[in-house]
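# A structural walkthrough
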Amino acid sequence: MIKFDRVSKGYAEVSDALVNVSFTIGKGEMVFLTGRSGAGKSTLLKLIALVETVSRGQVFLDGQNLNRVSQREIPFIRRKIGLIFQDYKLLNDRTVADNIALPLLVAGYNHQDIKRRVRAVLDKVGLVGKEKSYPLSLSGGEQQRVGIARAVVNKPSLILADEPTGNLDPELSTEIICLFKQFKQVGVTVFVATHDLTQVVESGCRQLILDRGRLVSG
Amino acid sequence: MKGFFIVHLQALLFSLGQQLRTPFSSILTIAVLSISIALSGLFYLLVKNVTYLTGHLETSNQITLFLGQQVSEQDGRQLQRQLEKHRNIQATRLITKAEGLKEFEHYSGFGDALKALNSNPLPMVVQIFPRLSLTTQQQLQQLLDELKGLPGVSVAKLDMQWVQRLKAIIVLVERAVLVLASILGFAVIFITGNTIRLELQNRQEEVVIAKLVGATNGFIARPFLYSGFWYGFLAGILALLMITGLMKLLQSPLEQLTRLYLGYQDVVFLSVLNSVILLAVSSLLGVVGAWGVLVMQLNRLKPE
């Protein structure tokens, strides 16, 4: 599903955010990406989500070389990826249902389909009855579940999560990880960046460890 | 296809909703836009009215003969009768010194100034209406030269001259109005563009999130383009109201003015077609302004 081939990424201010990183993640795998803050976890995810481009090396997503993707194609590749963020990135002036519907609206689904799918995904993340609420009236755990619902409503084949439990207490974190495992069970590839090692150990999933831009284990 | 229309309708209504949500800034923008548009419209009406009114002047070729002070009224009448028989003259009219004075008092408003004088300074005048078969400048000029040489005539004037000068001025004004209207049109584009830029900035977060979930630039641009359309369209409507109101205010003094100068009254308003064109152009300018900004800014907005 994801293949990194000797990828390096340098920013103007940080000379080497990623150095010669190579790894492969298979379809339906659930993998954690760990390492200290600043080790390059976010940068790595951004390369997959096409927010950043590599300096050297190649990134493949579902067999497609991301180096050769034009600006025009980017939105269509992103529709195959469900992105989850530490700060949820919800639109606070829209209801929960509208937030979750955004990827469907963007992809041009019709009204009926959108309603049906939003209802189904609300059920899956355990937010039934909250569709008319606004994000700021929800707890952190609930807001993150809205973020997850938005990420999976379009049935992506890959979920990328950047510190999804970073703002949540351990109990809520476990709930979120459980949700991810459910997605894995239906064949979705899940790639989670986190520095919460207890979660990783408990889950028993494969772990990629980054240290100052280098992959030290994986 | 049905879905396509629904998506556009949604964007259209959504963008209107956005403007209603921030009524104060929307009204300010629309007011500024409508003033630019109304000015263009009023300039256009000015030219249209002047062209319309002077259009009638073409048939009013007149020659005015000012007789010398020493010519008696009797001689004047004789001259008039003589000219009446001229083959190139349709009609004549004699204005005696006394009549001239009366007319002058009535129309000029300087009657009191004249009363201060001991004697009537106005000359006797014979107005000549040439035959309508005399159409070219050359033919009229010939007649004028002939009349100039008559005894007792001190000055002969072809009134065509001021019509021609007026026409030249109108051509100049037309050009100037065209240039001004273009400048104001650009103002509309820039004002809308700047407003859309601010909207884009205010909704930056939303744009970035939409991009992250796979929105194309086209999808993101759509509501902003419709927003530009609404600005242009609503400003156009406001401008039409302003123009109509102003013309209503100006109507009676304008009519009085044209009556005094031209002897008839008629003020031209914007026609239905003019109004439709004005609305279409202002809406289009709004869309163009929004589009320009979106082309320049959308690719720059990236998830950090």
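Residues numbered from 1 in each chain as written. Chains lettered and ligands numbered in written order. Predicted model: local features only at pLDDT ≥ 70, side-chain atom pairs only at ≥ 80, totals over all residues.

## Looking at the overall build of chain B
Here is the rule: Numbering goes from the N terminus for both helices and strands, where a helix is a DSSP run of H or I of at least four residues and a strand is a run of E of at least two. Radius of gyration here is computed from C-alpha atoms only, and the compact-globule reference equals 2.2 Å multiplied by the residue count raised to the power 0.38. Any residue whose C-beta has 12 or fewer other C-beta atoms within 10 Å is treated as exposed, any with 20 or more as buried, and any in between as partly exposed, C-beta atoms being built from the backbone.
Along the backbone of chain B there are 10 helices and four strands. Reading the helices (α) and strands (β) of chain B from amino to carboxyl end gives α-α-β-α-β-α-α-β-α-β-α-α-α-α. Relative to the 2.2 N^0.38 estimate, which gives 19 Å for 304 residues, the radius of gyration of chain B is 31 Å and therefore markedly larger than a compact globule would have. Taken along the three principal axes of its C-alpha coordinates, chain B extends 100 × 40 × 30 Å. By residue count, 25% of the 304 residues in chain B fall in the buried class.

## Quick look at the pairing of strand S3 (residues 30-34) of chain A
Looking along a regular strand, one sees side chains alternate from face to face of the sheet. Residues and elements named next belong to chain A. Rules: Paired strands are those between which DSSP finds at least two bridges.
Counted residue by residue, S3 has five buried out of five residues, so it is predominantly covered. Of the two faces of S3, the one carrying Met30, Phe32 and Thr34 and the one carrying Val31 and Leu33 are both buried. Judged from the four bridges that link them, S3 and strand S8 (residues 189-193) form a sheet pairing that is parallel. Within the sheet, the bridge partner assigned to Phe32 lies in S8 and is Val192.

## Regarding the sheet that holds strand S4 (residues 153-158) of chain B
Residues and elements named next belong to chain B. The condition that has to hold: Interaxial angles span 0 to 180 degrees and are taken between N-to-C directions of axes, which are lines fitted to C-alpha atoms, for helices over the stretch in contact. We call two residues in contact whenever the C-beta atoms placed from their backbones are within 7 Å.
Strand order in the open sheet made by the four strands is S2-S3-S1-S4, with antiparallel pairing throughout. Bordering the open sheet on either side are strand S2 (89-95) and S4, each of which pairs with just one other strand. Across the sheet, the mean angle separating the axes of adjacent strands is 20° when strand polarity is ignored. Where strand S1 (residues 63-67) meets strand S3 (residues 125-130), four bridges bridge the pair, whose relative direction is antiparallel. Pairing of Thr64 across the sheet is with Gln127, part of S3. Contacts between helix H3 (residues 73-84) and the sheet are confined to S1, S2 and S3, with S2 contributing the most and set at about 170° to the helix. Strands S1, S3 and S4 of the sheet are contacted by helix H6 (residues 137-148), whose axis makes an angle of about 170° with S4.

## Overview of helix H8 (residues 204-212) of chain B
Two residues of an α-helix separated by three or four positions point the same way, owing to the 3.6 residues in each turn. Along H8 of chain B, the residues that are buried comprise Val207, Ile209, Ala210, Lys211 and Leu212 of chain B. Count one or two residues on from H8 of chain B and you reach Gly214 of chain B, which has phi positive near 100°.

## Examining the domain arrangement of chain A
Residue and element names in this part refer to chain A. Here is the rule we go by: Residue ranges for the domains trace back to a domain assignment, done automatically or taken from a database. Side-chain classes are defined by residue name, with Ala, Val, Leu, Ile, Met, Phe, Trp, Tyr, Cys and Pro counting as nonpolar, Asp, Glu, Lys and Arg as charged, and the others, Gly among them, as polar.
Parsing chain A into structural domains produces domain 1 (2-80 + 156-217) and domain 2 (86-147). Put simply, the middle of domain 1 and the middle of domain 2, counted by C-alpha atoms, are 23 Å apart. At four residues, helix H6 (residues 170-185) tops the list of elements feeding residues into the side of domain 1 that touches domain 2. Taken together, the residues of the side of domain 1 that touches domain 2 sort by class into five nonpolar, two polar and four charged.

## Quick word on the nonpolar core
Using the following cut-off: Residues of type Ala, Val, Leu, Ile, Met, Phe, Trp, Tyr and Cys that are buried and joined through C-beta atoms within 7 Å form what is called a nonpolar core.
Membership of the largest hydrophobic core comes to 102 residues, with the highest contact counts inside it found for Leu33, Ala149, Ile159, Leu160, Phe180 and Phe191 of chain A. For this core, the element with the most residues is helix H9 (residues 217-262) of chain B, which contributes 14 residues. Once you skip the residues sitting within four places of it in the chain, Leu33 of chain A turns out to touch Lys41, Leu44, Phe191, Val192, Ala193, Leu208 and Leu210 of chain A. One finds Ile63, Leu65, Met124 and Val126 of chain B within the second-largest nonpolar core, a separate group that totals 11 residues.

## Remarks on the environment of Ile2 of chain A
Residue and element names in this part refer to chain A. By secondary structure assignment, the location of Ile2 is in strand S1 (residues 2-9). Look at Ile2 and you get buried, because 22 C-beta atoms sit within 10 Å. Here Ile2 is in contact with Thr24, Ile25, Ile48, Leu61 and Phe191, once residues within four sequence places are set aside.

## Examining the confidence of the model for chain B
Threshold: A residue's pLDDT is the predictor's confidence in that residue, given on a scale from 0 to 100.
In this model, chain B carries a mean pLDDT of 85, and residues with pLDDT of at least 70 account for 93%. The ipTM, which scores confidence in the relative placement of chains, is 0.90 for this predicted complex, and the corresponding pTM is 0.75.

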